[in-house]
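Here's the letter readout for the chains.
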Amino acid sequence: MSTHETKGSGLKWVGRAIRRLEDPALVTGQGRFTADLPATHWVRFVRSPVAAGTIKSVSFPDGARVITAADLTGVKKITPMLHKFSYRPVGQSILADGQVRYVGEPVAIAVASSEEDAEDLADLVEADIDETPPLVDARAALADGAPQIHAEAPGNVILEGKVQTPGFDSVWDRAAKIVAIEARSHRQNATPMEARAGHASYDPSTGRITLTCTTQMPHLMRTAIADLLGMRESDLRVIAPDVGGGFGQKMSLCAEYVALVWLARKLKSSVAWTEDRRENLIASFHSRDQYISLEGAFDQDSKLLALRADVVSNVGAYSCFPTTSGVEPLMAMAEMPGPYDVQQYQCLARGVLTNTCTMAAYRGVSRPVITFTLERLMDKAATAFGIDPIDIRRRNLIGTFPYTSAMGLVYDEATYKETLEMAVAAIDVPAFRARQQAARARGQYLGIGFATFSERTGYGSPAFAARGMAITPGWETVHLTVDPSGFVEARIGSSPHGQGLRTTLAQIIADEIGVAPDIIKVIHGDTDTAPYGWGTFASRSLVISGGATLLAARKVRAKLLKIASHMLEAAPEDIVLENGSAKVAGTDRTVTIAAMAREAYTQTHRFKGEIEPGLTESGTYDPPGTFSNACHVAIVAVDIETGFVRIERFLVAEDAGRIINPMIADGQVHGGVAQGIGNALLEEIVYDESGGILTANLADYMPPTAHEMPPIELHHLETPSTQSITKAKGLGEGGSIGAPAAVVNAINDALAPFNVQIDEIPATPQRIRAALRDATNSARSRESGNLGATL
Amino acid sequence: MKPAAFIRHVPKTLDEALKVLSDVAPDDGRVLAGGQSLVPIMAFRLAKPAHLVDINEVEGLQHIACDGKTLSIGARVRHAAFHKPVVDGPLGALLSYVARHIAHYPIRMRGTFCGSLAHADPSSEWCLVSATLGATMVVKSTRGERRIAAADFFEGIMSTALAEDELLAEVRLPLLAADTKFGFYEFSRRAGDFAMASSLVTYRLAGGKIADARVGVGGAEPSPRRIAEAEAALNGNAPGEDHFRAAAAAAADAVEPLEDHQTTGEYRRDLVRAVVHRALEHSI
Ligand SMILES: Cc1cc2nc3c(=O)[nH]c(=O)nc-3n(C[C@H](O)[C@H](O)[C@H](O)COP(=O)(O)OP(=O)(O)OC[C@H]3O[C@@H](n4cnc5c(N)ncnc54)[C@H](O)[C@@H]3O)c2cc1C
């Protein structure tokens, strides 16, 4: 399976694959999720069955409790803002107000006393909508004369990023070879195991509302909803209980939660909604619907000199809060050059509004697409130059650090070449090539594909500020307490939902203050008990919350040493913290942390004012950000008669700095690779021409199952980071970033004898067969053409 | 609870079941067998039956019986019953091999053979088996009993010759001669998904030549059926690559392929060619 080497860090808990502290509850059915809460009222959202049109009326049975836009007077529209890139702010009403802009847009709320009754009532609500022709495809929405989806965004362009480096034109003109790709990434849904769910309750004694929901960002939900409803933020508490995965789909504000809080205030009661899978596939957030045209200019030695990109990103009907719909196109623009040394760059990146479900972040954010595009380009260039795909990467990967990219990003350090070589050595490429040849002779088609990439992780507020977002996330705060009984709790602003942070942060704290992780509780996901923070997304939590945890733990450690010094009558320098005690080095004089903690709260008079009472310290961390990197390798077998792709082997060589818990790190990579394989081969949200979704269940929208997953071989390089105080980098997204490129490069390698190019994801069997058929047909017509010439 | 409201009836005897079915049929009453197709459809509210006649407690429908000529399968027999051969000889082996391709284990523990036939999904493995082997459906109602040949039973996508008040009480499959060879292959994108095309072939050898060839194709047309053109390409010829290829090509030409948003007619033909060829390869 995987290699768990912990380089002798000298530390005790960090680097060990200890079991996750969160799992006993989860695997014994004791997890507590939003949908477990009882409620007095249940709602179903009545959603638009049409993609574009004007609402004439909404009718429902007399006496039924049905809410429409007309009821929501004074509620502001969700209007995310970006102060750059010609961004056009567009607003989204909580319930469609006059216009509907995508199938699934909430039009009304059916409220009843049970989930069943709400479902029945929703069936009886009828929205009479005057349909207008929808725009489903981004290129169609860009065409001259296309209907306007929002008056505020002429030409349906919500934002436009443009860059060109000063020397671009002259380098472009000097190039020996231009290699081009037209890449297409279809649309996905992050498909968390738990779909969305919300529960808002009213406390009559205080008038406060508690919203429990499946979010990755409880504090930001509180800020946003309080703003929209004109509430005091202190009157709203947001709780993210156990959350069954988010992958970005749960980091954006959804109108449904705003509606639940509004309803709980209005009814002075509790109101709940649990999304079903069909609703989730249709109407939660989507991602990654992009066209990218990319050209690379190479010199005669296959050295990449310049890149030119045109990114058209279908952002759906509205802009997502807080990132805005810049999240995908701007990430594409900023990080297109990837791990390659290329100093000249031109890019036009547009976010295009369409009559489709709103796009938001999804694990990897645009990088699965740009990595796919760039890595396909490198393979095409290798073919054009007649060299090995590995060699063209060796020639072009960045090897000297720090490196400033054409976009001005500083890559502090990375091991692109080292991880590539690690992967190449592990695969035994010559043996594979021999096997590939032998298989071809038998009519079997094997292929190998490489993907090298960098994953920007753990970036703080300065990095986000560069995007010009009205909401600029970044830092994290941790409050660390040793309570009077000697147990430890860390309250964090991050909001883990499967990442294992309760375990990894405990490991960091344990080493710092000399206790075992199982006496440490990490408390998160409740705006009443956790410090303000940004939640969990963008491979940030272990780096940023981990850093803040370490800073707080160092302070607690210093204070414990002070107290120990006082209690043991020794100099702090002579005291060590280990095994839950402070000990005067070289003696048997010890005092337990529990005794020190009790002293810190209940015997403070003894400190004579020299030590502050209590044992709570805070740490805040706002790092510059850093880049993890990896090389993914896929070996596939393509069945040329059916187009079916079987992944025989999948290998990841990655470097995310110090690994705090190898088991958790491996799990993150495995999950990411699974989603990447889904992206590469299976998952696609399909709209028909009228804007309806044809893939609204898990038989038609196809995430991979355990059966489709190959074994994944993991190799960790673990170069300690200088940009992160824990020396760890993020790795939550890498798995999903590299896999599509590796798999599709492998498919193309397998099909090299047929001269086909698969530049579209997912590379479904239908698409592969169609490409093979086209290639065979055109070969046939060439042959008959030649024949004609000789006759 | 996702479905619309309904009343569930739980008859204990066949007569009782037929009586209640005839009473509620006009009111969109339906039989509930394993529920593995009906319940999802109800959860999507694509069907809103007012009554369900749950046959899971009806006595006398759980039999798998063999009289030396035919195998009778009662309406309560679940897919999982076929994991191990239910009868000696090629038929038991064939059913056991095919059963493993139906959905996933938990679904096979509930879903029934007869329910699959009544539901008549174009991709259903049991529909393919019934059409290829020439099953007879034993259909009952308060009006009496009818027997319907498989070729007359399947009328299109999820459509059969069953009247609303009729229960498919039993299906009868002819036993296969001991020297019958069979082969099966299906194509789906993920394990357990409905097949995008499938093929079941059986034949015997007479003097080294194929005789009594049956080539069934499922998932490609509204109903599974035997493809005479493919059978003709086999009968009288020795089993082997050339004739297998010819039969596969004949089947691909003969079908009128179903199309959907991802699957063109051309691609469906590609799949038919591949599955027939592979079913034939599997037969040796
Ligand atoms: C995820 C998933 C994957 C699946 N994959 C496959 C697959 O690969 N291949 C496959 O063949 N099936 C598949 N199925 C369907 C499954 O095999 C069902 O069990 C089968 O289609 C119906 O049998 P049932 O007993 O569950 O019938 P029910 O769901 O109870 O009923 C289905 C229909 O048949 C009627 N009916 C049932 N029994 C009778 C009867 N005796 N007389 C008259 N009418 C009757 C019902 O009224 C209803 O209209 C899958 C199902 C799921 C959920």
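All of these numbers come straight from a predicted model, not from anything done at the bench.

Draft legend 1. Structural view of helix α2 (residues 115–124) of chain A. Among the residues making up α2(A), those that are buried are Ala118(A), Glu119(A), Leu121(A) and Ala122(A). Along the long axis of α2(A), the arc covered by the buried residues comes to 165°, so they all point the same way.

Draft legend 2. The arrangement of the sheet that holds strand β5 (residues 70–74) of chain B in detail. Residue and element names in this part refer to chain B. Spatially, β4-β5-β10-β6-β7 is the arrangement adopted by the 5 strands of the open sheet, whose pairing is antiparallel. The sheet is open, and its two edges are formed by β4 (64–66) and β7 (144–149), each paired on a single side. Sheet twist, expressed as the mean angle between neighbouring strand axes with direction ignored, is 20°. Note that β4 and β5 share 3 bridges and pair antiparallel. Bridging from a neighbouring strand, Ile-64 pairs with Ile-73 of β5.

Draft legend 3. Looking closely at the interface of chain B and chain A. On the chain A side, the residues contacting the 24 residues of chain B number 32 residues. For the pair chain B and chain A, the two sides together bury roughly 2500 Å², of which 48% comes from carbon and sulfur. Linking chain B to chain A there are 11 salt bridges. Here Asp270(B) makes a salt bridge to Arg773(A), at a shortest N to O gap of 2.3 Å. The interface formed by chain B and chain A contains 16 residue pairs in polar contact (both at pLDDT 80 or more). For the side of chain B that touches chain A, the leading source of residues is helix α10 (residues 265–282) of chain B, giving 6 residues.

Draft legend 4. Local environment of the domain arrangement of chain B. Residue and element names in this part refer to chain B. Parsing chain B into structural domains produces domain 1 (7–54), domain 2 (64–174) and domain 3 (182–283). One C-alpha centre belongs to domain 2, the other to domain 3; they are set 20 Å apart. Taken residue by residue, the interface counts 23 residues in domain 2 and 24 residues in domain 3. Each partner contributes to the roughly 1900 Å² buried at the junction of domain 2 and domain 3, and carbon and sulfur atoms together form 69% of this total. Within the residue set of the side of domain 2 that touches domain 3, elements represented by two or more residues are α3 (90–99), α6 (125–133) and β8 (154–156).

Draft legend 5. Summary view of the domain arrangement of chain A. Residues and elements named next belong to chain A. As assigned here, chain A comprises domain 1 (367–457 + 625–776) and domain 2 (475–621). Just the C-alpha atoms count here: the centres of domain 1 and domain 2 sit 41 Å apart. Residue-level contacts link 16 residues of domain 1 with 17 residues of domain 2. Summing both sides of the interface, domain 1 and domain 2 together bury roughly 1200 Å²; the carbon and sulfur share of this comes to 65%. In this structure, the connection of domain 1 to domain 2 is made through 0 salt bridges. At the boundary of domain 1 and domain 2, one finds 6 residue pairs in polar contact (both at pLDDT 80 or more). Secondary structure elements with two or more residues in the side of domain 1 that touches domain 2: β20 (445–457) and α17 (662–682). Each residue belonging to the side of domain 1 that touches domain 2 can be placed in one class, and the counts come to 5 nonpolar, 8 polar and 3 charged.

Parameters and conventions
- Residues numbered from 1 in each chain as written.
- Chains lettered and ligands numbered in written order.
- Predicted model: local features only at pLDDT ≥ 70, side-chain atom pairs only at ≥ 80, totals over all residues.
- Heavy atoms only, no water.
- Buried < 20%, exposed > 50% of the residue type's maximum accessible area, 1.4 Å probe, protein only.
- Helix = DSSP H or I, 4+ residues; strand = E, 2+ residues; numbered from the N terminus.
- Arc of directions from axis to C-beta.
- Pairing = 2+ DSSP bridges.
- Axes fitted to C-alpha atoms, helices over the stretch in contact; angles between N-to-C directions.
- Contact = heavy atoms within 4.5 Å.
- Buried area = accessible area lost by both parts, 1.4 Å probe.
- Salt bridge = Lys/Arg side-chain N within 4 Å of Asp/Glu carboxyl O.
- Polar contact = N/O pair within 3.5 Å; in protein donor to acceptor, adjacent residues only side chain to side chain.
- Domains from an automatic or database assignment.
- Nonpolar A, V, L, I, M, F, W, Y, C, P; charged D, E, K, R; others polar.

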